[in-house]
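# Coordinate inspection notes
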Amino acid sequence: MVAITKRVPDKRRMRLAVATIVLLGMFVIASLQFALQKAYASADVRASLFELPEEPYWNMMQTYKEQGYEISDVEVVIKGAHYSDTNADTLEVVSELDGRTGEILIWRESETMDTWVEWTVEIPKSGLYSMTFTYYPIEGKRAPIRRALKIDGEYPFREARRFQFNRLFRDAAPPIQDNRGNDVQPAQVEIKQWITTQLYDPDGLYIDPVLFYLEEGTHTIRLEALSEPIAIDTIVLGGLKKVPTYEEVLNEYRAKGYKEVENVFVKFQAEDTYTKSDATIRREFGSDPLSEPFAAGQWRLNEFGGWRWRKGNQEVTWKFTVPETGFYKLIMRVYQDEHLPSVRSIRIDGEFLFEEMKEVNFYRDKHWRIEVFSDENGQPYLIPLEAGEHTLTMTVKVGEVARTVNVFTSTIRKMADLGHRVSMLIGRNPDPNMEWELEKRIPNLIEDLQAIREELAGEVDFLTELALGKRPIIANSILIVLEQLDQFLDDPDRMVLGLERFQTNQQSLGTWILDLQNKSLRMDYIAFASPDMPEPRGRSSLWERWSLSFFNFRDSFNKDYTGVGSYHEEGRVLEVWSLRGREWTQIIKEMAEETFTPVTGIHVNMNILPSNQTQVLLLATVAGQGPDLALGVPPTMPVEFAIRNGLVDLSQFPDFEEVAQRFRPGAMTPFEYRGGVYALPENQDFSMMFYRTDILGMLGLEPPQTWEDVYKMIPTLHANRLDFYYGGGGSSAGFMPFLYQHGGQFYTDDGLRSALDTPEALQAFKEYTDLYTSYRIPMEANFYMRMRTGEIPIGVAGYGVYTQLSTAAPEITGWWEMAPMPGRMREDGVIDRSAGGSSQVAIIMRDCDDPEAAWEFLKWWTSAEVQAQYGTELEALIGVEARWNTANVEALKSLPWPRQDIEAILEQWEWFQEIPVVLGGYYTDRHIKNAWNRVVLQGWNPMEALEEAVRDINRELKRKQEEFGITSAEDLRSVLQQAEGSD
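Since the model is a prediction, treat every value here as computed from it, not as a measurement. Each chain has its residues counted from 1, running along the sequence as written. At least 70 in pLDDT is required for a residue's local features to be given in this predicted model, at least 80 for side-chain atom pairs to be given and counted, and no such filter applies to totals for whole chains, interfaces and linings, which use all residues. As a rule here, side-chain values come from all non-hydrogen atoms in the structure, and water together with hydrogens is ignored.

## As for helix α16 (residues 707-719)
Helix and strand assignments follow DSSP, with helices taken as H or I runs no shorter than four residues and strands as E runs no shorter than two, numbered in order from the N terminus. Expected span of a helix, by definition, is 1.5 Å for each gap between consecutive residues, and there is one gap fewer than residues. Compared with an ideal rise of 1.5 Å per residue, which puts 13 residues at 18 Å, α16 spans 19 Å between its outermost C-alpha atoms and is within 8% of the ideal. To get the bend at a residue, fit one axis to the 7 residues ending there and another to the 7 starting there, then take the angle between the axes. Along α16, the sharpest kink reaches roughly 30 degrees, centred on Met713 and followed within four residues by the proline Pro715. Listed as buried for α16 are Trp707, Val710, Tyr711, Met713, Ile714, Leu717 and His718. Throughout, a residue-residue contact means that at least one pair of heavy atoms, one from each residue, lies within 4.5 Å. Structurally, α16 contributes buried residues whose contacts are with α15 (693-698), β38 (724-726), α17 (732-741), α18 (759-773) and β39 (794-797). Just downstream of α16, Arg721 is the residue with a positive phi angle, here 55 degrees. Buried means the residue's accessible area, taken with a 1.4 Å probe over protein chains only, is under 20% of the maximum for its type, while exposed means over 50%, and partly exposed covers the values in between.

Written out as structure tokens, the structure reads:
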């Protein structure tokens, strides 16, 4: 009995102790949660994570108005050569340059450091000053000249980090026609001349030049080099002239005796431009029956602009001559089918004649139309012109919709901050049944949701008004976001399950910003006519369009729509198929006609094959209808063809080793089979690390060099509810860096079995899956958008992210960098960063009648000079988003990449290593993915999951080897000898 009575109190004590511990634990967790909530509800902390240091110029303009600042009437001239300080060792002062004399500063690019030049200036009167540069574009890589600007050591506003000084281009000659009767796009040549321009915001959001508030006294102005060399004569502060109104100009010229001209119609084709600020703006093909000159079923470059003429500040100038002095009306035949207006500013002889020319709206119409430059009542503006030659300049502007762009930019950051605070509270896997009471636990939640809603709701009405009362598509999209916000306001706890969609809507806003900023305009011709002259017909009739469609349909049975350029039948002729778009292939064809055929005497017929139709290449080859060469082929195809004896072994050519030196050694691995090499790489993808310098700096984090550094960084990121990103999603490409950095391989040396059953492979696979299971990084994410908002400030991704950040995230310019991906520290102290990247390749088909000629073409095509020229021409034609990531190491250095980015790529390329392709190897990626899914999604042990994957991979390898009669390495050599003997 005694023993029993002793146990009861013990049980009670234990229960009491357990209950106490549980309550204490709950209290501690709640306290920590409250502390975190309180800490990250702080406006200062939120701003430090999601707000960039400088205000956008939009906010600065509001500040100027609130402070009552006025535009100064003082003009201050600074000589470029009279700089006060610099760190550049590439400066030169000359006394003459292209006809201009005096002291002129030439500022070339440095290969070793980021350079800057600073001037000291005395401002005699406080006020707002514009800034005008007289500069000369020094020979470079034909990219725009970019400089950041600081005043007194600070960027005055966010856009000051990326001002742009344009180069000028024009067509080298009128279009010529190939032997099929189609126009060939003329080459673009750069015009070297002195240019005087005011500083505008880099996105063309605002009609007027940017203004800087300068107080009376001494100031420093510093330019920081971002890209390309420049010569500077003068920098003028102030001197901004007020543009008169139309009524003022009309009265002035009537007083001078100007009258409306009669019976005059001066027309010039829009495609016949004089100068362009961007080589990507070019002639376009048009098939409308009224477009001049009429296409008549052929490929005629008879229109101008369109999608390529859409970016802010892109500028085009035409020359024209009028026969007599007087008033003219301005007529254009245009096509604009977007819901919101396309905005252009118009200058005559380099000046705005009157205020109304600064912002001209071209509204939507489903058909071509005649646009007369008129006032809001439809009365044509009378433009005074003297007899003789003049210029007309049109510049892309965003116009009034800049307001919406700024609202969206601000809203994105507010939504990122709000989503961050909610996720901080609810964690990664919130309980959907829990009563979270978010409005009580997250300060200002309702107020912030309401503020976001009001901002977006105001833009629906604003955009509808801009679209002349017809609600545009983007306004309808905003209504969907508003619907979700209304649900959150009714029941804030809906944010727990709706947070992912909330973040998706946030990403959509970022996409809409680009849509709002980019507004195209297509033009046929421009005319200056007598005010009483009847307008020409702009819209073709239904009968004309139907007739043209009928004749085109009839001719389609005899046309070759895949051929590009001239077609040759006599002499040495190569048939080349390109698995790329027409524009990409057209450049190759033109370059071959200019530099390959004249030297070798070998003609090239180019044909286009859609990139997703690679099976057609195989079927055509089997049927004996295939090409001699193919370009743009996926990297797995060469070995698939080589297995079937369908390709020429390139290593048989005597100068192959010399040609192979153009590429990284690891780049050739996927094209090697049975001792031969069956392809040459054209371009090369690569994995790099991208990171936000501002956010890492605020968190006191350094860019990681090794994976160990990454693992130490992740807890700090997670503590701030931020993340690390690693692209790959369980694929063999994602697994590859870990495998190679641990010293593992995918296959045994003979290529007959999987080598993923080694200790190195298991260790690599465990580290790979631990990223997702132990360190809980996201399995999938829109890395570009989440890095743009700051939610994922660092990650490893492919080249595509680089182009996205470079072209579509201008607001974080200067706040992100690219570096080699993390690696593994070896025993010798070297960081192993081994990784690969997919590519597109060029191959020679076995049925090629002239392999030596085909090899000459491949040598020409993959040479450094040709690859560099192709990259330059491609970027000039399509834009920086098509920047050519050539596989030729020397050519890469010549392309218009920023210096620090090329250095980072070349450092990563030192470790380039690709996955070999073997018989049945196509199953490897599938089973690595299966193993990853079992570990990450189903909780399997990594060893068991990998062992099962190895069994499945080996089963398929063996099946494929048996299909080809191979059971050993000796059999492999025997089959190779038989194949060589049959040749």
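Text resumes after the structure shown.
## As for the sheet that holds strand β16 (residues 217-227)
Strands sit in the order β2-β5-β16-β8-β9 across an open sheet of five strands; the sheet is antiparallel. The open sheet has two free edges, formed respectively by β2 (85-86) and β9 (163-165), since each of these has just one partner strand. Criterion used throughout: strands pair if DSSP finds at least two bridges between them. Relative to β9, strand β8 (residues 145-151) is paired through three bridges, and the arrangement is antiparallel. When the bridges of β9 are listed, Arg146 appears paired with Gln164.

## Quick look at a nonpolar patch on the surface
Only residues above 30% relative accessible area that lack a salt bridge enter a patch, with like-charged residues linked at up to 9 Å and the nonpolar side chains Val, Leu, Ile, Met, Phe, Trp and Tyr linked at up to 5 Å. Computed by Shrake-Rupley with a 1.4 Å probe, the accessible areas treat only the displayed protein chains as cover when residues are assessed. Salt bridges are defined as contacts in which a side-chain nitrogen from Lys or Arg sits within 4 Å of a carboxyl oxygen from Asp or Glu. A grouping of Leu542, Trp543 and Trp546 is seen on the molecular surface, where their side chains present a nonpolar patch of about 440 Å² in accessible area. Turning to its location among the elements, Trp546 is positioned in helix α10 (residues 542-555).

## Re the nonpolar core
Counting residues in each nonpolar core, the largest one holds 97 residues, and the members touching the most others are Phe690, Ile844, Phe857 and Leu858. Ranked by the residues each element gives to this core, the list is headed by helix α21 (residues 851-861), at seven residues. Once you skip the residues sitting within four places of it in the chain, Leu858 turns out to touch Leu629, Leu631, Leu650, Arg662, Leu680, Ala842 and Ile844. The term nonpolar core refers to a set of buried residues drawn from Ala, Val, Leu, Ile, Met, Phe, Trp, Tyr and Cys, joined through side-chain atoms within 4.5 Å. One finds Leu105, Ile232, Met415 and Leu509 within the second-largest nonpolar core, a separate group that totals 85 residues.

## Things to note about helix α11 (residues 582-600)
Its axis deflected by about 45 degrees at Ala592, α11 carries its strongest bend there. Looking at α11, one finds that the buried residues are Thr585, Gln586, Ile587, Ile588, Lys589, Glu590, Met591, Ala592, Phe596 and Thr597. After α11 finishes, the residue Gly601 shows a positive phi value of roughly 75 degrees.

## Focus: the packing of helix α5 (residues 402-426) against helix α7 (residues 445-466)
Interaxial angle, 0 to 180 degrees, is taken between N-to-C directions of lines fitted to C-alpha atoms, where a helix line uses only the stretch in contact. Running from N to C, α5 and α7 point in directions that differ by 155 degrees, and their axes come no closer than 10 Å. Our classification of the angle between α5 and α7 gives roughly antiparallel. Relative to α7, the crossing made by α5 is left-handed. Residues Arg403, Thr404, Val407, Phe408, Ser410, Thr411, Lys414, Met415, Leu418 and Arg421 of α5 touch α7, and the partners they reach there are Leu445, Asp448, Leu449, Ile452, Glu455, Leu456, Gly458, Glu459, Phe462 and Leu463. Its residues assigned to classes, the contact of α5 with α7 shows 10 nonpolar, four polar and six charged. Our angle categories are set so that under 35 degrees counts as roughly parallel, over 145 as roughly antiparallel, 65 to 115 as roughly perpendicular, and the remainder as oblique. For any pair of crossing helices, the crossing counts as left-handed if the nearer helix is rotated counterclockwise from the farther one by less than a right angle, and right-handed if it is rotated clockwise. Basically, the charged four are Asp, Glu, Lys and Arg, the nonpolar ten are Ala, Val, Leu, Ile, Met, Phe, Trp, Tyr, Cys and Pro, and anything else, Gly included, counts as polar.

## Thoughts on the environment of Gly798
Within the element layout of this structure, Gly798 appears in the loop between β39 and α20 (799-808). Take Gly798: its relative accessible area is 25%, and that puts it in the partly exposed class. Along the chain, Gly798 and Gly728 lie 70 residues apart, while their C-alpha atoms are 9.7 Å from each other. Filtering out sequence-adjacent residues up to four positions away, Gly798 remains in contact with Asp685, Phe686, Ser687 and Phe690.

## Description of the sheet that holds β38
The four strands lie next to each other as β38-β39-β37-β40, forming an open sheet whose pairing is mixed. Edge strands, defined here as strands with exactly one partner in the open sheet, are β38 and β40 (816-820). Here the strands of the sheet are splayed against their neighbours by 20 degrees on average, with no regard to which way each runs. The pairing of strand β37 (residues 688-692) with β40 spans five bridges and is classified as antiparallel. Note on β40: the bridge partner recorded for Met688 is Pro820. Across the sheet, helix α24 (residues 899-909) touches β37 and β40, and the angle it forms with β40 is around 25 degrees.

## A short note on a positive patch on the surface
A surface patch of like charges, here positive, comprises Arg364, Lys366, Lys470 and Arg539. Looking at the element boundaries, Arg364 is found in the loop between β25 (360-362) and β26 (369-372). A relative accessible area of 39% means that Arg364 is categorised as partly exposed. The charge count treats Lys and Arg as positive and Asp and Glu as negative. His and the chain ends do not count. The location of each charge is read from NZ of Lys, CZ of Arg, CG of Asp or CD of Glu.

## Quick word on the pattern of salt bridges
Oppositely charged side chains can pair when the atoms bearing their charge come close. Using the criterion set out here, one finds 57 salt bridges in the structure. Residues Glu118 and Arg222 are paired through a salt bridge, measuring 3.0 Å at the closest nitrogen-oxygen approach. Highlighted residues: Glu118 in strand β5 (residues 116-123) and Arg222 in strand β16, separated in sequence by 104 residues. A salt bridge links Glu371 to Arg369, with the nearest nitrogen and oxygen atoms 2.9 Å apart.

## What about the environment of Arg158?
Looking at the element boundaries, Arg158 is found in the loop between β8 and β9. We classify Arg158 as buried; its relative accessible area is 9%. Residues Arg158 and Thr862 lie 704 residues apart in sequence; the distance between their C-alpha atoms is 41 Å. Counting of polar contacts relies on pairs of N or O atoms within 3.5 Å, with two restrictions inside protein: one atom must be capable of donating a hydrogen and the other of accepting it, and residues adjacent in sequence are counted only when both atoms are side-chain atoms. Here Glu54 takes part through its backbone oxygen, which lies 3.1 Å from a polar atom of the side chain of Arg158.

## Some remarks on the packing of aromatic side chains
Stacked, tilted and edge-to-face are the three classes applied to pairs of Phe, Tyr and Trp rings, where Trp contributes its six-membered ring and a pair requires centres within 6.5 Å; stacked means planes under 30 degrees apart, edge-to-face means over 60, and tilted covers the rest. For the structure on display, the rule yields 58 aromatic pairs. On the numbers, 4.9 Å between centres and 80 degrees between planes, the contact of Trp861 with Tyr870 is edge-to-face. Of the two residues, Trp861 and Tyr870, both sit in the buried class. Remark: a charge is flagged as sitting over a ring if the NZ atom of Lys or the CZ atom of Arg is within 6 Å of the ring centre and within 35 degrees of the ring normal. The side chain of Lys256 reaches across the aromatic face of Tyr253, ending 4.4 Å from its centre. One cation-aromatic arrangement involves Arg344 over Trp309; the distance from NZ or CZ to the ring centre is 4.5 Å.

## Focus: unusual backbone geometry
Note the cis peptide between Glu292 and Pro293, where omega equals -10 degrees. When you line up the elements, Pro293 lands in the loop between β20 (283-284) and β21 (303-306). Non-glycine residue Asn313 carries a positive phi angle of around 75 degrees. Its location among the elements puts Asn313 in the loop between β21 and β22 (315-322). Taking relative accessible area as the criterion, Asn313 reaches 17% and is therefore assigned buried.

## Quick notes on the packing of α18 against helix α26 (residues 942-963)
Where α18 meets α26, the closest approach of the two axes is 10 Å, and the angle between their N-to-C directions is 120 degrees. Taken as axis vectors, α18 and α26 run oblique relative to one another. Crossing angle aside, the handedness with which α18 passes α26 is right-handed. Across from Ala761, Leu762, Phe765, Lys766 and Thr769 in α18, the residues of α26 making contact are Pro942, Met943, Ala945 and Leu946. Tallied by class, residues from the contact of α18 with α26 come to seven nonpolar, one polar and one charged.

## What to know about the pairing of β5
The element β5 is extensively covered by neighbouring structure, given that six of its eight residues are classed as buried. Bridge count for β2 against β5 is two bridges, and the pairing is antiparallel. Counted as the bridge partner of Thr86 is Val117 from β5. The pairing of β5 with β16 spans eight bridges and is classified as antiparallel. Counted as the bridge partner of Ile123 is Gly217 from β16.

## Brief notes about the pairing of strand β1 (residues 75-79)
Judged by which residues are buried, β1 turns out to be one-sided: Val76 and Ile78 face inward and are buried, whereas Glu75, Val77 and Lys79, on the alternate face, are not. Pairing analysis gives five bridges linking β1 to strand β17 (residues 230-238), with the strands arranged antiparallel. Residue pairing across strands places Val76 opposite Leu237, the latter belonging to β17.

## Overview of the side chain of Thr789
Looking at where Thr789 falls in the secondary structure, it is placed in helix α19 (residues 783-789). A distance of 3.2 Å separates the side chain of Thr789 from the backbone oxygen of Arg786, its partner in a polar contact. Engagement of the side chain of Thr789 in a polar contact is seen with the side chain of Glu791, the distance being 2.7 Å.

## Thoughts on the environment of Ile526
With respect to the element layout, Ile526 can be found in strand β29 (residues 521-529). Ile526 sits in the buried class, given a relative accessible area of 0%. C-alpha separation for the pair Ile526 and Pro896, spaced 370 residues apart in sequence, amounts to 34 Å. Residues in contact with Ile526, not counting those within four places in the same chain, are Val266, Lys267, Phe268, Trp318, Leu330, Ile331, Met332 and Leu392.

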